[in-house]
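One-letter residues, chain by chain:
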Amino acid sequence: MEIFISYAVHPIDPARPTFIGEVSGIDLTRRLTEEEVSAIHAGMDSFGVLVFHDQHFEDEQQIAFSRQLGMLEEATGDIMSEKDRRLSMDLNDISNLDKNGELLPRDDRRRLFGLGNLLWHSDSSFKAVPAKYSMLSARKIPAAGGNTEFADMRAAYDALDGETKSEVHNLICLHSQIFSRGVLGFDDFTDAERAKWAPVRQALVRQHPNTGRLSLYLASHAGGIEGWPMPEARSFLRDLNEHATQRQFVYAHVWRPWDLVMWDNRVTMHRARRYDPKEVRDMRRTTLTNGVSSLEQRPIEMAKR
Ligand code: OGA
Ligand code: MN
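This report concerns the structure included in the present document.

Turning to the coordination of the manganese ion (ligand 2), a few remarks are in order. Looking at the manganese ion (ligand 2), one finds its protein donor set to be His121 (NE2), Asp123 (OD) and His270 (NE2), positioned 2.1 Å from the metal centre. Sequence spacing among the residues donating to the manganese ion (ligand 2) works out to H-x1-D-x146-H. Pair noted here: Asp123 is in the loop between helix H3 (109-114) and strand E5 (131-140) and His270 is in strand E14 (residues 268-272), with a separation of 147 residues, a long-range link. One exposure class covers both Asp123 and His270, and it is buried.

Dropping the structure here:
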């Protein structure tokens, strides 16, 4: 029997041919074949970010698509109470809308908390078990602004000098949403939120289980390095973030409605860019859990120590 494979993956960004793949010839809203699922995983392993256009998802279809690739993480990373939610717990609401579909006022607490996405981060690094893939579906986009930028943390690691590589190798960072929001001056947390987001430990260098490549595991959520004095830790993390987000490592995605962009949080950072708060931006994210802490994915010789 002959198997007809209709999809194709092409580098989208000539300046970063190994970072962003554009996938054509596949409809993610219907059930995928085993070959398609394997091709997506293989594409993610080699690129780190995949872009699919014209994926007209209903929420349930986006959830079903995501489940074919792995186990979903629950959307417990925001400050919305159950009764204020617009979407199910399988979807992260990356919009500026309330549950009635109305624009959030400029000073709305949930909106201000959500502005944390403007800082470079890796999804759910503030959870003990962080995220693997994120899948962001663009339902409605503003006329201007609101790009999403991605930084290649494998390339950033590779480009470190030898001395810095050995310095970062065994370090463990402390990640919390209290840290990332603090950077923006948002510190209006309840005691329950402070308890929920107590810092978690994550490796600063991790190894991809399939490709063996090393990457820097950074995020604005990282607010300390275990065993280091705070100002020294934060200034070093700031240096590493500056290094990792230099232009040569960064791709800016300009959204079209119904794009589905999928990234591997183990090997990338991303950030949203500003847009007019009077315009609707409705994006919905499904997220796969990494299953284990990054501490379990340190390079072999380091984890043994
Ligand atoms: C996310 C995120 C960025 C954006 O969905 O995890 O950070 O541009 N989104 O909305
Ligand atoms: Mn994010």
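Now that the structure is up, let's keep going.
Here the focus is the pattern of salt bridges. Overall, the coordinates contain 23 salt bridges when judged by the stated rule. Two residues, Asp13 and Arg16, come together in a salt bridge whose shortest N-O distance is 2.7 Å. Exposure remark for Asp13: the relative accessible area of 11% places this residue in the buried category. The exposure class assigned to Arg16 is buried, which follows from its relative accessible area of 17%. Across the pair Arg247 and Glu149 runs a salt bridge, and its minimum N-O distance is 3.3 Å. Of this pair, Arg247 sits in the loop between helix H8 (230-244) and strand E12 (250-253) while Glu149 is found in strand E6 (residues 148-152), placing the two residues 98 residues apart along the sequence. Judged by relative accessible area, which is 48%, Arg247 ranks as partly exposed. One continuous salt-bridge network, built from bridges that share partners, spans Asp59, Arg86, Asp93, Arg110, Arg139, Asp282 and Arg284.

Attention now moves to the side chain of Ser293. Position of Ser293 among the secondary structure elements: in the loop between strand E15 (282-289) and helix H9 (300-303). A relative accessible area of 13% means that Ser293 is categorised as buried. Aside from chain neighbours lying at most four places away, what touches Ser293 is Ala128, Val129, Pro130, Arg201 and Gln202.

Neighbouring residues of ligand 1: Ile94, Asn117, His121, Asp123, Leu136, Thr148, Trp263, His270, Ala272, Arg281 and Arg285. Contact with the protein chains removes 100% of the 290 Å² of surface that ligand 1 exposes when unbound. Grouping the constituent residues of the shell around ligand 1 by class yields four nonpolar, four polar and three charged.

Counting residues in each nonpolar core, the largest one holds 24 residues, and the members touching the most others are Val168, Leu204, Leu216 and Leu218. Counting residues per element, the ones that place at least two in this core are helix H4 (153-158), strand E10 (214-216), strand E11 (222-225) and H8. In terms of residues, this core owes the most to one element, H8, which gives five residues. For Leu216, the contacting residues outside a window of four places in its chain are Met153, Ala156, Tyr157, Leu160, Val168, Leu204, Val205 and His243. Listed in part, the 23 residues of the second largest apolar core include Tyr7, Val23, Ile40 and Tyr133.

Our focus in this paragraph is the environment of Thr245. Secondary-structure assignment places Thr245 in the loop between H8 and E12. Between the C-alpha atoms of Thr245 and Gly185, which are 60 residues apart in sequence, the distance is 22 Å. Filtering out sequence-adjacent residues up to four positions away, Thr245 remains in contact with Trp120, Ala151, Val250 and Met269.

Under the definition given, this model contains eight aromatic pairs. Measuring from centroid to centroid gives 5.3 Å for Phe186 and Phe189, while their planes differ by 65°, and the two rings are edge-to-face. Residue class for Phe186 comes out buried when judged on its relative accessible area of 9%. A connected cluster of aromatic rings, assembled from ring pairs, spans Phe113, Phe186, Phe189 and Trp197.

It is worth spelling out the sheet that holds strand E3 (residues 49-52) at this point. The mixed open sheet is built from seven strands, whose spatial order is E1-E2-E3-E13-E5-E15-E4. The open sheet has two edge strands with one neighbour each: strand E1 (8-11) and strand E4 (92-95). Across the sheet, the mean angle from the axis of one strand to that of its neighbour is 25°, orientation sign disregarded. Examined bridge by bridge, E5 and strand E13 (residues 260-264) share five bridges and lie antiparallel to one another. Its bridge partner being in E13, Tyr133 is matched across the sheet by Asp264. Along the sheet, helix H1 (residues 34-47) makes contact with E1, strand E2 (20-24), E3, E5 and E13, crossing E3 at roughly 130°. Against the sheet, helix H2 (residues 59-67) engages E5, E13 and E15, with an angle of about 25° to E15.

Next up on the list: the pairing of E6. Among the five residues in E6, five count as buried, and that is most of the element. The side-chain alternation of E6 yields two buried faces, one formed by Thr148, Phe150 and Asp152 and the other by Glu149 and Ala151. Relative to E12, E6 runs antiparallel, the two sharing four bridges. Paired with Glu149 across the two strands is Ala252, which belongs to E12. The pairing of E6 with E14 spans five bridges and is classified as antiparallel. Opposite Asp152, over in E14, you have Thr268 as the bridge partner.

Thresholds applied
Residues numbered from 1 in each chain as written. Chains lettered and ligands numbered in written order. Predicted model: local features only at pLDDT ≥ 70, side-chain atom pairs only at ≥ 80, totals over all residues. Heavy atoms only, no water. Donors = N, O, S within 2.8 Å, 3.2 Å for Na, K, Ca; no water. Helix = DSSP H or I, 4+ residues; strand = E, 2+ residues; numbered from the N terminus. Buried < 20%, exposed > 50% of the residue type's maximum accessible area, 1.4 Å probe, protein only. Salt bridge = Lys/Arg side-chain N within 4 Å of Asp/Glu carboxyl O. Contact = heavy atoms within 4.5 Å. Near = heavy atom within 4 Å. Areas by Shrake-Rupley, 256 points an atom, 1.4 Å probe, with all protein chains shown as cover. Nonpolar A, V, L, I, M, F, W, Y, C, P; charged D, E, K, R; others polar. Core = buried A, V, L, I, M, F, W, Y, C linked by side-chain atoms within 4.5 Å. Phe/Tyr/Trp six-rings, centres within 6.5 Å; stacked < 30°, edge-to-face > 60°. Pairing = 2+ DSSP bridges. Axes fitted to C-alpha atoms, helices over the stretch in contact; angles between N-to-C directions.

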